[in-house]
Amino acid sequence: MTVTRPRILVVGAGFAGVGCVRRLERKLSPDEAEITLVTPSSYQLYLPLLPQVASGVLTPQSIALSLRRSRKYRTRIIPGGAIGVDLGAKVCVIRTITDEVVNEPYDYIVLAPGSITRTFDIPGLTDNAYGMKTLAEAAYLRDHVISQLDLADASHDPAERAARLQFVVVGGGYAGTETAACLQQLTHNAVKRYPRLDPKLIRWHLIDIAPRLMPELGEKLGSDAQEILRKRGIEISLGVSIAKAGPDEVTFTDGRVVPTRTLIWTAGVAASPLIGTLGAETVRGRLAVTAEMSLPGHDGVFALGDAAAVPDVAKEEEGAVCPPTAQHAMRQGKVVADNVIAALRNQPLRPYKHKDLGLVVDLGGRDAVSKPLGVELKGLPALAVARGYHWSALRTNVAKTRVMTNWLLNAVAGDDFVRTGFQSRRPAKLKDFEFVHAYLTPEQLRAQVTGKDGAEGTDG
């Protein structure tokens, strides 16, 4: 008689998913369970360093940690994206990278599909804005920004030249602030190589609907960060968003019209649309789970990371949930792996509890603000803490070596301002990178799982 091993399916290869898989591999013997990971690309992206890829301080490869590099890992990787989960049938529907729709049965499922860029119903936004959520977007954005300098240099029209040298970043959180800071540094250094361009024409705008930049930093550090950016010439507008976006101009909600060819949208994230296919309770779009990260009423279903509203038991306030940060996702991955193993062995689950270690913000060059364990730092001490934290959080020694080498080389030699041109003939805006229409409706999901016609999903 053949005894089949329990099937553990992990969806997503971010901090949460990869942390979970690696711990499962270490703690479970090969005959105890079969582990499968669903991810469109077989690498884990170290998201907090994306702005440094966009600005050219780091190479794209240095923050993409291959999942196939080591021979010792035994997890089966399915290259594709989960587009629906039927909790009753215990089936995850996957669209593979060859566009085939397959049903993957599971006994235990760990949902860590991450998040997508949060957009609003603003006319022209997804057609004209650039995102900063994927490696491809960061690399593309670098090319685009440098190409604006080249095109401005080549233009004989003063209005076009001025428009190409204006850049708008929407979102005053960490991603937006670091993106604006790092890319402004790039253009500030690059324009010295363009003798025909007036450096005063380069203008960066950072706008946010909130009254303060990065409110989590506290009033003093937030003000320090604002002061650093203002001294660099970045125009900060708070209490403002955009009313509409066109191909060559952006209209702010305060009525200002800024001629620009570069609108970068980093105004927050939303849970993966996969969560909406479960038909389960959500909290602001994130799956409502227990402190043990299990889904109430469904044995063997766990969720964590950006897509789950994991109760923050380290905070005393009612209804507090863990913020969607790498710091929490990495640690949740380990705890959820332990809980899957506990469920497998009929042992009690343990709740996730982690006291926030603080915040680090790298503003490019020698500028940074950090708040490790509540201690407020700025300048070089903050930069040392920020880079030290990121460096130590990289999962492999190869990645650590690459990143450290990149940092040292950039500090000594500066940037080369090279653009690859690999996508110069193709526009690549928000709508081109995030396949939000690829997910199944409840009817399509049911039809796919039961084998009836009509489950091809909507176009991705």
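The shown structure was predicted, so the numbers you read here are calculated from the model rather than taken from an experiment. (Residues numbered from 1 in each chain as written. Predicted model: local features only at pLDDT ≥ 70, side-chain atom pairs only at ≥ 80, totals over all residues. Heavy atoms only, no water.)

**Comments concerning the sheet that holds strand 23 (residues 368–372)**
We count it as follows: Two strands make a pair as long as DSSP finds a minimum of two bridges between them. Strands here mean DSSP runs of E at least two residues long; helices mean DSSP runs of H or I at least four residues long; both are numbered from the N terminus. Contacts are assigned to residue pairs with any non-hydrogen atoms lying within 4.5 Å of each other. To define axes, lines are fitted to C-alpha atoms, for helices over the stretch in contact only, and angles between the resulting N-to-C directions are given on a 0 to 180 degree scale.
The three strands are arranged 22-23-24 in an open sheet whose pairing can be described as antiparallel. For this open sheet the edge positions go to strand 22 (358–362) and strand 24 (377–378), each flanked by a neighbour on one side alone. As defined by bridge partners, strand 22 adjoins strand 23 across five bridges and the pair is classed as antiparallel. Bridge pairing in strand 23 links V360 to S370. In this fold helix 7 (residues 219–231) packs onto strand 23 and strand 24, with an angle of close to 165° to the strand it touches most, strand 23. Of the strands in this sheet, strand 22, strand 23 and strand 24 are in contact with helix 9 (residues 380–393), which crosses strand 23 at around 70°.

**A look at the packing of aromatic side chains**
Here a ring pair, both rings aromatic, is described through the centre-centre distance and the interplanar angle of the planes. Cut-off, in case you're wondering: Working definition: a ring pair exists when centres of Phe, Tyr or Trp rings (six-membered ring for Trp) sit within 6.5 Å. Plane angles under 30 degrees give stacked, over 60 give edge-to-face, the rest tilted. Three exposure classes are used, based on accessible area relative to the maximum for each residue type with a 1.4 Å probe and protein chains only: buried under 20%, partly exposed in between, and exposed over 50%.
Throughout the structure, instances matching the rule amount to four aromatic pairs. Centre to centre, the rings of F15 and Y46 are 5.3 Å apart; their planes meet at 85°, and the pair counts as edge-to-face. Of this pair, F15 sits in helix 1 (residues 15–27) while Y46 sits in the loop between strand 3 (43–45) and helix 2 (50–54), and the two are 31 residues apart along the sequence. Overall, the relative accessible area of 10% leaves F15 in the buried class. Classification of Y46 as buried rests on a relative accessible area of 2%.

**So, unusual backbone geometry**
Even without being a glycine, K90 presents a positive backbone phi close to 55°. Mapped onto the fold, K90 is located in the loop between strand 5 (76–86) and strand 6 (91–96). You can call K90 partly exposed: its relative accessible area is 28%. A positive phi angle, near 55°, is found at F417, a position not held by glycine. Along the chain, F417 turns up in the loop between helix 10 (397–413) and helix 11 (430–433).

**Side note on a nonpolar patch on the surface**
The condition is simple: Exposure above 30% relative accessible area and no salt bridge define the residues that can form patches, which grow by joining like charges within 9 Å and nonpolar side chains of Val, Leu, Ile, Met, Phe, Trp and Tyr within 5 Å. A 1.4 Å probe and the Shrake-Rupley method give the accessible areas. Residues count as covered only by the protein chains that appear here. Counted as salt bridges are all cases of a side-chain nitrogen of Lys or Arg within 4 Å of a carboxyl oxygen of Asp or Glu.
A contiguous nonpolar surface patch, about 270 Å² in accessible area, is contributed by W391, M404 and L408. Residue position: L408 is located in helix 10. Take L408: its relative accessible area is 52%, and that puts it in the exposed class.

**Focus: the UniProt feature "domain: FAD/NAD(P)-binding" (unreviewed entry) in the protein**
Quick note on the threshold: UniProt positions are given in the numbering used here, feature names are shortened, and annotations may be inferred rather than shown by experiment.
Within this numbering scheme, the UniProt entry marks residues 7–333 as carrying the feature "domain: FAD/NAD(P)-binding" (unreviewed entry). Taken end to end, residues 7–333 comprises 27% helix and 28% strand; its first and last C-alpha atoms sit 18 Å apart.

**Considering the pattern of salt bridges**
It is possible for side chains of opposite charge to pair when their charged atoms get near one another. Summed over all chains, the structure comprises 20 salt bridges. As a salt-bridge pair, R5 and E34 come within 3.7 Å of each other at their nearest N and O atoms. Taken together, the residues R5 in the segment before strand 1 (7–11) and E34 in strand 2 (residues 34–39) connect sequence positions 29 residues apart. Look at R5 and you get partly exposed, because its relative accessible area is 36%.

**Re the domain arrangement of the protein**
Accessible area lost upon the coming together of the parts is a frequently used measure of interface size. Rules: All the domain ranges listed were derived from an automatic or database domain assignment. A simple way to read buried area is as the amount of 1.4 Å-probe accessible surface that goes missing from two parts once joined, with both sides added. Two N or O atoms count as a polar contact when they lie within 3.5 Å, although within protein this holds only if one can serve as hydrogen donor and the other as acceptor, and sequence-adjacent residues are included solely when both atoms are side-chain atoms. Ten residues, namely Ala, Val, Leu, Ile, Met, Phe, Trp, Tyr, Cys and Pro, are considered nonpolar, four, namely Asp, Glu, Lys and Arg, are considered charged, and the remaining ones, Gly among them, are considered polar.
Each assigned domain of the protein is listed with its residue range as follows: domain 1 (7–117 + 270–356) and domain 2 (125–267). Centre-to-centre, using C-alpha coordinates, domain 1 lies 33 Å away from domain 2. Summed over both sides, the interface between domain 1 and domain 2 buries roughly 1300 Å², with carbon and sulfur atoms accounting for 71% of that surface. Contact with domain 2 buries surface across domain 1, with P51, A54 and T117 losing the most and accounting together for 39% of the total. Taken together, the connections running from domain 1 to domain 2 amount to zero salt bridges. There are two residue pairs in polar contact (both at pLDDT 80 or more) connecting domain 1 and domain 2. Among the elements of the structure, strand 3, helix 2 and strand 9 (115–117) are those that each provide at least two residues to the side of domain 1 that touches domain 2. Of the residues that constitute the side of domain 1 that touches domain 2, the class distribution is twelve nonpolar, five polar and no charged.

**What about the environment of D121?**
With respect to the element layout, D121 can be found in the loop between strand 9 and helix 3 (125–128). For D121, a relative accessible area of 82% corresponds to the exposed category. Between the C-alpha atom of D121 and that of A243, which follows or precedes it by 122 residues, the distance is 9.6 Å.

**Regarding helix 8 (residues 326–344)**
The condition that has to hold: To estimate how far a helix should reach, multiply one less than its number of residues by 1.5 Å.
For helix 8, which comprises 19 residues, the first-to-last C-alpha distance of 27 Å matches the rise-based estimate of 27 Å (1.5 Å per residue) to within 8%. In terms of residue burial, helix 8 counts as a mostly covered element, since 16 of its 19 residues are buried. Immediately downstream of helix 8, the backbone of N346 shows phi near 55°, a positive value.

**Quick look at the sheet that holds strand 5**
Read from one edge to the other, the open sheet built from seven strands follows the order 7-6-5-2-1-8-20, with strand pairing classed as mixed. This sheet does not close on itself; its edge strands, each paired only once, are strand 7 (101–105) and strand 20 (301–303). On average, adjacent strands in this sheet sit at an angle of 35° to one another, irrespective of strand direction. As defined by bridge partners, strand 6 adjoins strand 7 across five bridges and the pair is classed as antiparallel. Across the sheet, residue C92 finds its bridge partner in strand 7, namely E104.

**Let's talk about the nonpolar core**
Convention followed: Among buried residues, the Ala, Val, Leu, Ile, Met, Phe, Trp, Tyr and Cys ones that are joined through side-chain atoms within 4.5 Å form a nonpolar core.
Judged by nonpolar contacts, the single largest core of 113 residues is most densely connected at L24, I63, V85, C92, I109 and L111. Mapped onto the domain boundaries, this core takes at least three residues apiece from domain 1 (7–117 + 270–356) and domain 2 (125–267). Counting 16 residues, the second-largest nonpolar core is a separate cluster that includes L125, V250, F252 and W265.

**Quick look at the pairing of strand 22**
For strand 22, the tally of buried residues reaches four of five residues, placing the bulk of the element in the interior. Following strand 22, the chain reverses through five residues before pairing antiparallel with strand 23; G364 in that reversal takes a positive phi of roughly 85°.

**Looking at the packing of helix 9 against helix 10**
Defined as follows: For classification, angles of less than 35 degrees are called roughly parallel, those exceeding 145 degrees roughly antiparallel, those between 65 and 115 degrees roughly perpendicular, and all remaining angles oblique. In a left-handed crossing the near helix is turned counterclockwise from the far helix by less than a right angle, and in a right-handed crossing that turn is clockwise.
At a minimum axis distance of 9 Å, the contact between helix 9 and helix 10 shows a crossing angle of 150°. By the angle between their axes, helix 9 is roughly antiparallel relative to helix 10. Classified by chirality, the crossing of helix 10 by helix 9 is right-handed. Residues R387, W391 and S392 of helix 9 form the contact with helix 10, whose own contacting residues are K400, M404 and W407. A breakdown of the residues in the contact of helix 9 with helix 10 according to their chemical character gives three nonpolar, one polar and two charged.

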